[in-house]
Amino acid sequence: MTMTYVIEGSRITGPDSFWTVVGEAVNGPGGYFGRNLDSFADCLSGGMGTPDDGDFVFEWRDHTLSARALGHAETARYLERMAARAHESNRGRLREECAQAAAGLGPTLFDRLVEIVRDRSGPDTLRLL
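If you're wondering where the values come from, they're calculated on a predicted model, not measured in any experiment.

Draft legend 1. Representation of the environment of Arg-68. With respect to the secondary-structure elements, Arg-68 resides in helix α3 (residues 63-69). According to the relative accessible area criterion, Arg-68 is exposed, its value standing at 62%. Expressed as a C-alpha distance, the spacing of Arg-68 and Thr-13, which sit 55 residues apart in the sequence, is 8.6 Å.

Here it is, written out as structure tokens:
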């Protein structure tokens, strides 16, 4: 039987709230399911609350609200924070991506999250409602 995890897009105001909402959707109140893009991708690989057989679906309700909240402006802020903590060999790339996002170009955090789910779990694992 397919397990459905509901992501309430109306609760997402930025990356921190996304991590909270998805963590609670999968693992209940206070649940963890990543706190950055890499750990989110790792969690999708199994062993972090989703069924081991991969038989699950994310139902992302009000995804357009999330897309706005995780748009280019928030992406630029996220990338700037990442660049400040990154190894010096990655800072230039992150700052370039940050400048692109600040200009309204390139993938947003929302785009990246959608891509991660589809790449790690399959294209039919995500329903955008």
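Draft legend 2. Structural context of the nonpolar core. Phe-18, Phe-40, Phe-58 and Trp-60 are the most contacted members of the largest nonpolar core, which has 26 residues in total. Mapped by element, the contributors of at least two residues to this core are β1 (3-8), α1 (15-27), α2 (37-44), β2 (56-61) and α6 (109-121). Here the element with the most residues in this core is α6; it accounts for six residues. Setting aside residues up to four positions removed in sequence, Phe-58 forms contacts with Tyr-5, Ile-7, Val-22, Val-26, Phe-33, Leu-44, Val-117, Thr-125, Leu-126 and Arg-127. Judged by nonpolar contacts, the second largest core, of seven residues, contains Ala-83, Ala-86, Leu-94 and Cys-98.

Draft legend 3. Spotlight on the pattern of salt bridges. The full count for this structure, using the stated rule, is eight salt bridges. As a salt-bridge pair, Arg-11 and Glu-24 come within 3.1 Å of each other at their nearest N and O atoms. Taken together, the positions of Arg-11 in the loop between β1 and α1 and Glu-24 in helix α1 put the pair 13 residues apart, joining distant regions of the chain. Between Arg-35 and Asp-16 there is a salt bridge, with the nearest N and O atoms lying 3.8 Å from each other. Highlighted residues: Arg-35 in the loop between α1 and α2 and Asp-16 in helix α1, separated in sequence by 19 residues. When its relative accessible area of 52% is taken as the criterion, Asp-16 is described as exposed. Overlapping salt bridges, with partners in common, bring together Glu-8, Glu-59 and Arg-61 in one network.

Conventions adopted
- Residues numbered from 1 in each chain as written.
- Predicted model: local features only at pLDDT ≥ 70, side-chain atom pairs only at ≥ 80, totals over all residues.
- Heavy atoms only, no water.
- Helix = DSSP H or I, 4+ residues; strand = E, 2+ residues; numbered from the N terminus.
- Buried < 20%, exposed > 50% of the residue type's maximum accessible area, 1.4 Å probe, protein only.
- Core = buried A, V, L, I, M, F, W, Y, C linked by side-chain atoms within 4.5 Å.
- Contact = heavy atoms within 4.5 Å.
- Salt bridge = Lys/Arg side-chain N within 4 Å of Asp/Glu carboxyl O.

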